Amino acid sequence: GQNIDQPTEMTATEGAIVQINCTYQTSGFNGLFWYQQHAGEAPTFLSYNVLDGLEEKGRFSSFLSRSKGYSYLLLKELQMKDSASYLCAVRDKDSSYKLIFGSGTRLLVRP
Amino acid sequence: SAVISQKPSRDICQRGTSLTIQCQVDSQVTMMFWYRQQPGQSLTLIATANQGSEATYESGFVIDKFPISRPNLTFSTLTVSNLSPEDSSIYLCSVEQQGDTEAFFGQGTRLTVV
């Protein structure tokens, strides 16, 4: 079966750094995605990892360890507009390459 | 990237009626999906819309309740039938191009059943 876990909520301060963790269990791992979703809006793509290591894109970085079934999304220099839900999703080749989403982490950035 | 137009953006419907949601993409795409997002929760895949054939439904979702059409590579509809308050949710269309890594999402349809 598939299982994706991430914290329900996190709070951080403007200008700080926050790390959102995601652990997963799938039989046919074929890539991990992070999406950002503001309230009432569609998810937007942030990052994609298929090999171990860190992918950096501006203020956002994403890390993957396939042996540990673990990823994190790192947000630096937090801004108020970063308050949103962050969804971890795994593509599973044993499920017709579908995206399986975690429950999402609601991040609140405070002044 | 793909630009997705999803309509309507929101609707309030009476129980027992049906709502059809449209998803139009600005380019031909390989894969089209329909998701449900209940309040405060993440995305649950309803089905994969297959061009020219019946959709592939996930466990817990059936064609009689969620009929889907996909007449071509740029358009799909999802109908939510025999509405009940439990169907109040956001419904999202998603597309992927074979060989691409990411999925793109429409803006979603917020359905309220009264």
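Our structure is the block above this text.
These notes cover the structure that comes with them. (Residues numbered from 1 in each chain as written. Chains lettered and ligands numbered in written order. Predicted model: local features only at pLDDT ≥ 70, side-chain atom pairs only at ≥ 80, totals over all residues. Heavy atoms only, no water.)

### Thoughts on the pairing of strand β5 (residues 44-49) of chain A
Residue and element names in this part refer to chain A. As a reminder, the rule being used: In this analysis, strands are considered paired if DSSP registers two or more bridges between them. Comment: elements are numbered from the N terminus, with helices defined as DSSP H or I runs of at least four residues and strands as E runs of at least two.
Strand direction decides the pairing type here: strand β4 (residues 29-37) and β5, joined by five bridges, are antiparallel. Looking at β5, one finds that Gln36 is bridged to Thr44. Following β4, the chain reverses through six residues before pairing antiparallel with β5; Gly40 in that reversal takes a positive phi of roughly 80°.

### Some details on the sheet that holds strand β7 (residues 68-72) of chain B
All names here are of chain B. Test applied: Axis definition: a line fitted to C-alpha atoms, over the contacting stretch in the case of helices. Angles run 0 to 180 degrees between N-to-C directions.
The strand order β1-β3-β8-β7 describes an open sheet built from four strands, whose pairing is antiparallel. The open sheet is flanked by β1 (4-7) and β7, the only strands paired with a single partner. Adjacent strand axes in the sheet meet at a mean angle of 15° when their direction is disregarded.

### A few points about the packing of aromatic side chains
Each aromatic ring pair is specified by the distance between its two centres and by the angle formed by the two planes. What counts here: Stacked, tilted and edge-to-face are the three classes assigned to paired rings of Phe, Tyr and Trp, where Trp is represented by its six-membered ring and a pair needs centres within 6.5 Å; plane angles under 30 degrees give stacked, over 60 edge-to-face, the rest tilted. Partly exposed describes any residue whose relative accessible area lies between the buried limit of under 20% and the exposed limit of over 50%, with all areas from a 1.4 Å probe on protein chains only and scaled to the type maximum.
For the structure shown, the criterion picks out 14 aromatic pairs over all chains. With a centroid separation of 5.9 Å and 50° between ring planes, the pair formed by Tyr35 of chain A and Phe101 of chain A is classed as tilted. Pair noted here: Tyr35 of chain A is in strand β4 and Phe101 of chain A is in strand β10 (residues 98-101), with a separation of 66 residues, a long-range link. We classify Tyr35 of chain A as buried; its relative accessible area is 0%. In this structure Phe101 of chain A comes out as buried when scored by relative accessible area, which is 10%. When the ring of Phe101 of chain A is compared with that of Tyr35 of chain B, the centres are 5.6 Å apart and the planes differ by 90°; the resulting orientation is edge-to-face. Of this pair, Phe101 of chain A sits in strand β10 while Tyr35 of chain B sits in strand β4 (residues 31-37), placing the two residues on different chains. Judged by relative accessible area, Tyr35 of chain B falls into the buried class, the value being 1%. These aromatic residues form a ring-pair network of at least three members: Phe33, Tyr35, Phe45, Tyr48 and Phe101 of chain A together with Tyr35 and Phe105 of chain B.

### Observations concerning the environment of Leu73 of chain A
All names here are of chain A. Note the following rule: Pairs of residues are marked as contacts when any of their non-hydrogen atoms sit within 4.5 Å.
Summarising the element assignment, Leu73 is placed in strand β8 (residues 70-75). A C-alpha to C-alpha distance of 11 Å links Leu73 and Asn49, two positions 24 residues apart in sequence. Beyond its immediate sequence surroundings of up to four residues, Leu73 is in contact with Val18, Gln19, Ile20, Trp34, Leu46, Ser47, Ser61, Ser62 and Tyr86.

### A short note on the state of the cysteines
Residue and element names in this part refer to chain A. The condition that has to hold: In this description, a disulfide is simply a cysteine sulfur pair whose atoms lie within 2.5 Å.
Under the defined criterion, the tally for this structure stands at two disulfides over all chains. Cys22 shares a disulfide with Cys88; S-S distance 2.0 Å. Across the disulfide from Cys22 to Cys88, rotation about the S-S bond amounts to roughly -70°, and the bridge is consequently left-handed. Of this pair, Cys22 sits in strand β3 (residues 18-25) while Cys88 sits in strand β9 (residues 84-92), placing them 66 residues apart in sequence. A relative accessible area of 0% means that Cys88 is categorised as buried.

### A look at the pattern of salt bridges
Residues and elements named next belong to chain A. What counts here: We define a salt bridge as a side-chain nitrogen of Lys or Arg found within 4 Å of a carboxyl oxygen belonging to Asp or Glu.
Enumeration according to the criterion identifies eight salt bridges over all chains in this entry. Note that Asp82 is salt-bridged to Arg59, the shortest N-O span being 2.8 Å. Placement of the pair is Asp82 in the loop between β8 and β9 and Arg59 in the loop between β6 (53-57) and β7 (60-65), with a sequence separation of 23 residues. The salt bridge involving Asp94 is made with Lys93; its shortest N-O contact spans 3.9 Å. Under the relative-accessibility criterion, Asp94 is labelled partly exposed at 46%.

### Quick word on the interface of chain A and chain B
When the parts of a complex come together, some accessible area is lost, and that lost area is often used as the size of the interface. Counted only if it meets this: Take the accessible area each of two parts loses on contact, using a 1.4 Å probe, and add the two losses: that sum is the buried area. A 3.5 Å cut-off defines polar contacts: any pair of N or O atoms within that distance qualifies, except that in protein one atom must be a possible hydrogen donor and the other a possible acceptor, and neighbouring residues in sequence count only when both atoms are side-chain atoms. All residues other than Ala, Val, Leu, Ile, Met, Phe, Trp, Tyr, Cys, Pro, Asp, Glu, Lys and Arg, Gly among them, are scored as polar; the first ten of these are nonpolar and the last four charged.
Facing 17 residues of chain A, the contacting portion of chain B comprises 17 residues. In total, chain A and chain B occlude about 1400 Å² of area from one another, counting both sides; carbon and sulfur atoms represent 53% of this. Contact with chain B buries area across many residues of chain A, yet Ala42, Lys98 and Phe101 of chain A alone supply 31% of it, more than any other trio. Between the two partners, chain A and chain B, sit two salt bridges. Here Lys98 of chain A and Glu58 of chain B are joined by a salt bridge, their closest N and O atoms 2.7 Å apart. On inspection of chain A and its partner chain B, the count reaches five residue pairs in polar contact (both at pLDDT 80 or more). Here the residues of the side of chain A that touches chain B sort into nine nonpolar, five polar and three charged.

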